[in-house]
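# Observations on the three-dimensional arrangement
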Amino acid sequence: MITRVALGGLEVSAQGLGCMGMSEYYGATDWDTSIATIGHAIDIGITFFDTADQYGAGHNEVLVGRGIAGRRDDVQIATKFGIDRSGGDDARVHRGDPPYVKRSCDASLLRLGVDHIDLYYLHRPPQNAEIEDTVGAMAELVEAGKVRYLGLSEVSAELLRRAHAVHPIAAVQSEYSLWTRDVEQVTPVMAELGIGLVPYAPLGRGFLTGAVQAAALEPNDFRARNPRFTGDAGQQNQVIADTVRGVAERLGVSAAQVALAWVYAQAPRLGLPVVPIPGTRRAERLDQNVASLDVELDDDALDELQPLSDRVTGGRYADRGVR
C-alpha cells in the first residue's frame, strides 16, 4: 500500500502522477490510454495528480478531470497557472497580475470539472507583478474556497520567503533528479519553513531509464531539441545512464526504480517531505515506478549515484522551457 505524506497540511500519496505528457511535449498522445492509466493509478493507491493550464492549452486539465470523474473524494489535484502562451510559444509571458490569477483559477476549475483545487501552484515567478501581489491574489482564492493550499514552482529562496510571508506555501515543485539538483539551493529555506518538495522529471525526462534515444524521438517531442539529449552532450551524458543501469543490474531492479529510489533517499538529508511525480502514459510503467517505494539503495549504490549531477553536460532547456 502506498504511504501518505503531508505537504504543509495537505496529505497526498507518497508518489504522484505527472500528467503533462498525456497531452503535449513527449510525442504522440492517446486519450483513452491516458484515462485508463489515471484510473489504474487511483486503483493502486496514487491519489496525487499534477497538471497545469498550459499543458495542451487546457487539454490536460480536461483529461485529468475526466480521469478522476466520480472519484473526486479519493484524489488530490494539483494544477498550475502563470505561463501565458496566448501570444505563441516564442512570446510566452510569466504572469502573476491579480485579475489574471483569478481568471486562471476559474478557468481551471471549469476544465477540471471540480469545485476546488487542492494545491494551486504559481508556475513560474511572475514577470509582470511582485510576488506579494500574486500570492495575495492566490490567498484570496483560498479564502473563497476555490483553492485549499498554495505552491510555487521553480522559485528562488528569496522569492519563497517573500511569498511565504504573505500566505503559507505548502510545496515547491521543481525539477529534481540524479542529473538536476538546482533546487538544493532552496531546500534549506524550505526545511526551515516546513515546505515540501515535489520533484518533477525525477527520471531525467526518461534519460535515466536508459530507454530514450534522441535519434528515435518523434519530431514533436521536445527532447529531440533538448541540449542534454542531443549531439556530443547526449553522448557524454550516456555515462550517467550507464551508471544508473549498472547499479540497477546489481540490485536486481530497473534503472527507473533506482533513479526514483535515489530521490526518495534524499528526504532525510534535505530535512523535508519529498513527493516525486514521475509522468507516464502507460499503466505498466506506472506499476514499475510505484515499486520504487520498496527499493533500498545500499551505501555503495549511493556513493556511485551521488556525484552524477556533477558530470552532466548541457542545459536543461534549449529555449525558455516547457514547464
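Keep in mind that this is a model prediction, so the values were computed, not measured. (Residues numbered from 1 in each chain as written. Predicted model: local features only at pLDDT ≥ 70, side-chain atom pairs only at ≥ 80, totals over all residues. Heavy atoms only, no water.)

### Describing the overall build of the chain
Within the chain, the regular secondary structure consists of 11 helices and 11 strands. At 19 Å, the chain has a C-alpha radius of gyration in line with the 20 Å of a compact globule built from 323 residues. In terms of overall dimensions, the chain has a C-alpha envelope of 55 × 40 × 40 Å along the principal axes. Looking at the 323 residues of the chain, the share that counts as buried comes to 57%. The contacts in the chain between residues at least 6 apart in sequence include a share of 77% that link residues at least 24 apart. For the chain, the exposed area adds up to about 12700 Å²; of that, 49% sits on carbon and sulfur atoms. Counting 31 positive and 44 negative side-chain charges, the chain places the averaged centre of each group 3 Å from the other. (Helix = DSSP H or I, 4+ residues; strand = E, 2+ residues; numbered from the N terminus. Rg over C-alpha atoms; globule rule 2.2 N^0.38 Å. Buried < 20%, exposed > 50% of the residue type's maximum accessible area, 1.4 Å probe, protein only. Contact = heavy atoms within 4.5 Å. Areas by Shrake-Rupley, 256 points an atom, 1.4 Å probe, with all protein chains shown as cover. Lys, Arg positive; Asp, Glu negative; His and termini not counted. Charge placed at Lys NZ, Arg CZ, Asp CG, Glu CD.)

### What about the pattern of salt bridges?
Oppositely charged side chains may form a pair once their charged atoms are brought near each other. In total, this model carries 21 salt bridges according to the counting rule given. The partner of R282 in a salt bridge is E284, and the shortest N-O contact between them spans 2.8 Å. (Salt bridge = Lys/Arg side-chain N within 4 Å of Asp/Glu carboxyl O.)

### Remarks on helix α2 (residues 59-67)
Taken together, the buried positions of α2 are N60, E61, L63, V64, G65 and G67. Buried-residue contacts for α2 involve α1 (31-43), β4 (48-50), β5 (76-81) and α3 (98-112).

### Brief notes about α1
Here α1 contains 13 residues, and its C-alpha end-to-end distance of 19 Å stays within 8% of the 18 Å for a straight helix at 1.5 Å per residue. Restricting attention to buried positions, one finds in α1 the residues S34, T37, I38, G39, A41 and I42. Tucked inside the fold, the buried residues of α1 contact β3 (17-18), β4, α2 and α10 (283-291). The N-terminus of α1 is capped by D30, whose side-chain oxygen sits 3.3 Å from the backbone nitrogen of D32. (Expected span 1.5 Å × (residues − 1). Polar contact = N/O pair within 3.5 Å; in protein donor to acceptor, adjacent residues only side chain to side chain.)

### Quick notes on the packing of helix α8 (residues 255-265) against α10
Where α8 meets α10, the closest approach of the two axes is 8 Å, and the angle between their N-to-C directions is 45°. Of the possible angle classes, the one that applies to α8 and α10 is oblique. Between α8 and α10 lies a crossing whose hand is right-handed. Within the contact between the two elements, α8 uses A256, Q257 and L260 and α10 uses Q288, N289 and A291. Of the residues assigned to the contact of α8 with α10, the class counts are 3 nonpolar, 3 polar and no charged. (Axes fitted to C-alpha atoms, helices over the stretch in contact; angles between N-to-C directions. Parallel < 35°, antiparallel > 145°, perpendicular 65-115°, else oblique. Left-handed = near helix turned anticlockwise from the far one by under 90°. Nonpolar A, V, L, I, M, F, W, Y, C, P; charged D, E, K, R; others polar.)

### Topic: the environment of H59
With respect to the element layout, H59 can be found in helix α2. Given a relative accessible area of 30%, H59 falls into the partly exposed group. Here the alpha-carbon distance between H59 and V274, two residues 215 residues apart in the chain, equals 28 Å.

### Things to note about the pairing of strand β2 (residues 10-13)
Sheet analysis places strand β1 (residues 4-7) next to β2, joined by 4 bridges and oriented antiparallel. Paired with L7 across the bridge in β2 is L10. Connecting the antiparallel pair β1 and β2 is a turn made up of 2 residues, with G8 showing a positive phi of about 65°. (Pairing = 2+ DSSP bridges.)

### As for the nonpolar core
Ranked by internal contacts, the top residues of the largest apolar core, which has 91 residues, are L17, I38, F48, F49, L160, M190 and L305. Per-element accounting of this core gives the leading share, 8 residues, to α8. Setting aside its immediate chain neighbours within four residues, I38 contacts L17, M22, F49, L63, V64, G67 and I68. Counting residues in hydrophobic clusters, the runner-up holds 5 residues, among them M20, Y25, Y26 and A52. (Core = buried A, V, L, I, M, F, W, Y, C linked by side-chain atoms within 4.5 Å.)

### So, the state of the cysteines
One pass over the structure, following the stated rule, counts 0 disulfides. Distance from the sulfur of C105, which forms no disulfide, to the nearest cysteine sulfur (C19) is 18 Å. (Disulfide = S-S within 2.5 Å.)

### Observations concerning the pairing of strand β8 (residues 117-122)
Here β8 lies mainly inside the structure; 6 of its 6 residues are buried. Sheet topology places β5 next to β8; 4 bridges connect them, and they run parallel. The partner of F81 across the bridge, within β8, is L122. Summarising the sheet, β8 and strand β9 (residues 147-153) pair through 5 bridges and their orientation is parallel. If you follow Y121 over to β9, its bridge partner there is G151. With helix α4 (residues 131-143) bridging β8 and its parallel neighbour β9, the resulting β-α-β unit is right-handed. (Right-handed = clockwise from strand over helix to strand, strands pointing away.)

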